[in-house]
Amino acid sequence: MADQKDVDDRGDEAIVVIMVERTGGITGIPRRWRAEAEGDDASSWIPLIDACPWDGARRPTRGADRFRWRVHATAHGADREAEFGDAELEGAWQTLVERVRQHGRPG
């Protein structure tokens with residue numbers, strides 16, 4: 001999902017790239033958002049990324065027309081990715097997704 005240019009080091013400067021994709025719903029039209037940050041701004045994203053349960057067990061989302069979420073984060077050259085349903089968009093996931101949607105750009 002991320003190109004090598006997205007994760008290049010640029011010296012000691014921190015670089016963060018977060019991509020959020022929402023699929024499903026009544027229309028089934030996917031929506032995407034992307035946030036990129038460098039330096040001091042990147043440092044404010046790292047605790048949000050680290051707080052998410054990337055390897056956590058996934059609960060099934062019940063019901064028709066529910067959204068599915070996919071989040072991909074690159075920080076310090078390490079990639080993390082998770083996919084989950086609306087039932088899990090809470091806590092750390094919700095905080096991260098909302099920040100990307102507010103401060104990122106549509107992708």
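Anything mentioned here points back to the structure above.
Just so it is clear, the model here is predicted, and its values are computed rather than measured.

Running from N to C, helix α1 (residues 39-51) and helix α2 (residues 91-103) cross one another at 145 degrees; their axes reach a closest spacing of 8 Å. Both α1 and α2 take part in a crossing whose hand is left-handed. In contact with Asp41, Ser44, Trp45, Leu48, Ile49 and Ala51 of α1, α2 contributes Ala92, Thr95, Leu96, Arg99, Val100 and His103. Classifying every residue of the contact of α1 with α2 gives 7 nonpolar, 3 polar and 2 charged.

With that settled, consider the sheet that holds strand β2 (residues 31-38). Taken in spatial order, the 5 strands of this open sheet run β4-β3-β1-β2-β5, and their pairing is antiparallel. The outermost strands of the open sheet, each flanked by one partner alone, are β4 (78-85) and β5 (105-106). Both strand β3 (residues 67-75) and β4 contribute to a ladder of 8 bridges, which runs antiparallel. Its bridge partner lying in β4, tryptophan 69 is registered against phenylalanine 84. Along the sheet, α1 contacts β1 (15-24), β2, β3 and β4; its crossing angle with β2, the most-contacted strand, is approximately 125 degrees.

Now for the pattern of salt bridges. Two side chains that carry opposite charge are able to pair once their charged atoms sit near each other. Within the structure shown, the criterion is met by 6 salt bridges. Its salt-bridge partner being arginine 105, residue glutamate 36 comes within 3.5 Å of it at the nearest N-O pair. Of the two residues, glutamate 36 is situated in strand β2 and arginine 105 in strand β5; the sequence distance between them amounts to 69 residues. Taking relative accessible area as the criterion, arginine 105 reaches 46% and is therefore assigned partly exposed. One network of salt bridges, in which partners are shared, links Glu21, Arg32 and Arg70.

Here is what the cut-offs are and how they apply
Residues numbered from 1 in each chain as written. Predicted model: local features only at pLDDT ≥ 70, side-chain atom pairs only at ≥ 80, totals over all residues. Heavy atoms only, no water. Axes fitted to C-alpha atoms, helices over the stretch in contact; angles between N-to-C directions. Helix = DSSP H or I, 4+ residues; strand = E, 2+ residues; numbered from the N terminus. Left-handed = near helix turned anticlockwise from the far one by under 90°. Contact = heavy atoms within 4.5 Å. Nonpolar A, V, L, I, M, F, W, Y, C, P; charged D, E, K, R; others polar. Pairing = 2+ DSSP bridges. Salt bridge = Lys/Arg side-chain N within 4 Å of Asp/Glu carboxyl O. Buried < 20%, exposed > 50% of the residue type's maximum accessible area, 1.4 Å probe, protein only.

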